[in-house]
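One-letter residues, chain by chain:
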Amino acid sequence: MNWKQLVDRCGLFVDANSRLLLNLLYEAEEELTKECLIYEDEFTKTLASESSYVYLPDIDSEDTSLNGSSFVAPIQVIVNGNKIKAMHEDEFYYQNDGSLHKGSPSGYSIKNKTINFSHILKASDVVKVLYYGMVRDHTDISPKIPTIYHRELCNYACYMSQIKDSPDVASVFANLWVQSLEKVKNSEGNRDMVYSVREEI
C-alpha cells in the first residue's frame, strides 16, 4: 500500500487530519524498524586514509547523513570482498605496545555506532556493511518496509492521533499496536531460525 492508501485506511477508523496521520505513519515506520529487524539496508565506504574503525549510519552522524536509515544491527560486514566475523575486542591480536597490526581484518566489533576492526585498514580499502536499519527517509510513494507490514503502521497512527480527544479509542489502538509489534517480532524470529538452518547447511 502507498502512503495515501494508508492514510485513507486510517480514516476508516478515526477522524483526524490527513497530514497528521501521514506524519504519524512516518513515525510508525521509524518505531517499527527500530524495535523489529525487518528493514535491510547497506552502505559502502572507501577509506581515504588508514583506519581501524568506520562510523555506522546514524541520524547524528555527518559522515553517513545521506543514508536513508540508522544502523540497528549487523547482517554482514565485508572488507575488500571478504566477509569477516563478529568478535569481542579482547579477541583482537595486539602488538606489544597495545596497538593493532596492519593488514586484512579477521573480525570486527561494534560499539557506540562505530565498527572497530581487528586490524588497521589501509587507504583505498573498501568496507561494505549490510545491516538492519531504522528507516529515516520517507520520500518514496510507499513505506520502505516489506508490504506485509504496511497495515500495522495504521494501528500506531490511529493510536497517537486519538490520545488527546478520544483516550478510550486511543487505548484500543495502543493495544493493537503492541500486538503488531509482537506479531512482527515473532515473524522475525521465525525468519532468523530459517537463516540459521541455511547457514548450517
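Parameters at a glance
- Residues numbered from 1 in each chain as written.
- Predicted model: local features only at pLDDT ≥ 70, side-chain atom pairs only at ≥ 80, totals over all residues.
- Heavy atoms only, no water.
- Helix = DSSP H or I, 4+ residues; strand = E, 2+ residues; numbered from the N terminus.
- Buried < 20%, exposed > 50% of the residue type's maximum accessible area, 1.4 Å probe, protein only.
- Contact = heavy atoms within 4.5 Å.
- Areas by Shrake-Rupley, 256 points an atom, 1.4 Å probe, with all protein chains shown as cover.
- Disulfide = S-S within 2.5 Å.
- Core = buried A, V, L, I, M, F, W, Y, C linked by side-chain atoms within 4.5 Å.
- Phe/Tyr/Trp six-rings, centres within 6.5 Å; stacked < 30°, edge-to-face > 60°.
- Salt bridge = Lys/Arg side-chain N within 4 Å of Asp/Glu carboxyl O.

Peer 1: For the overall build of the chain, give the residues involved together with the corresponding values.
Peer 2: Per the secondary structure count, the chain includes four helices and seven strands. Reading the secondary structure of the chain in the N-to-C direction produces α-α-β-β-β-β-β-β-β-α-α. The 201 residues of the chain split such that 43% are buried. If you take every contact in the chain between residues at least 6 apart in sequence, the share linking residues at least 24 apart comes to 70%. A total accessible area of about 11600 Å² is found for the chain, and carbon and sulfur atoms account for 49% of it.

Peer 1: A description of the state of the cysteines should follow, citing residues and the corresponding values.
Peer 2: For the structure on display, the rule yields zero disulfides. For the unlinked cysteine Cys 10, the closest cysteine sulfur is that of Cys 154, found at 3.6 Å.

Peer 1: Before we move on, could you go through the nonpolar core and cite the residues and values that matter?
Peer 2: Formed by 25 residues in total, the largest nonpolar core has its most connected members in Trp 3, Cys 10, Leu 25, Leu 32, Ile 38 and Leu 153. Counting only elements with at least two residues in this core, the list comes to α1 (3-11), α2 (18-35), α3 (152-161) and α4 (167-200). No other element matches the seven residues that α2 contributes to this core. Each residue touching Leu 25, except ones within four places of it in the same chain, is listed here: Trp 3, Leu 6, Val 7, Cys 10, Leu 153, Cys 154 and Ala 157. Ranked by size, the runner-up nonpolar core spans 15 residues in total, among them Leu 47, Phe 71, Ile 115 and Tyr 131.

Peer 1: With reference to specific residues and values, describe the packing of aromatic side chains.
Peer 2: To describe a pair of aromatic rings, one takes the distance between the centres and the angle between the planes. Tallied over the entire structure, the rule returns seven aromatic pairs. Ring plane angle 45° and centroid distance 6.4 Å describe the contact between Phe 92 and Tyr 94, whose orientation is recorded as tilted. By relative accessible area, which is 33% here, Tyr 94 ends up partly exposed. Between Tyr 156 and Trp 177 the ring centres are 5.0 Å apart and the planes differ by 65°, which places this aromatic pair in the edge-to-face class. Remark: Trp 177 occurs in helix α4 and Tyr 156 occurs in helix α3; sequence separation between them is 21 residues. A relative accessible area of 8% means that Trp 177 is categorised as buried. Here a set of aromatic residues connected by ring pairs shows up, and it is made of Tyr 156, Tyr 159 and Trp 177.

Peer 1: Can you lay out the pattern of salt bridges for me, pointing to particular residues and giving the numbers?
Peer 2: Taken as a whole and assessed by the stated rule, the structure comprises nine salt bridges. Residue Lys 34 is joined to Glu 31 by a salt bridge in which the shortest nitrogen-to-oxygen separation is 3.5 Å. Note that Lys 34 and Glu 31 are positioned in helix α2 at a spacing of three residues, about one turn of the helix. Judged by its relative accessible area of 40%, Lys 34 is partly exposed. We classify Glu 31 as partly exposed; its relative accessible area is 26%. A salt bridge links Glu 152 to Lys 183, with the nearest nitrogen and oxygen atoms 2.7 Å apart. Of this pair, Glu 152 sits in helix α3 while Lys 183 sits in helix α4, and the two are 31 residues apart along the sequence. With a relative accessible area of 9%, Glu 152 lands in the buried category. Judged by its relative accessible area of 48%, Lys 183 is partly exposed. Linked through salt bridges whose partners overlap, the residues forming this network are Asp 137, Asp 140 and Lys 144.

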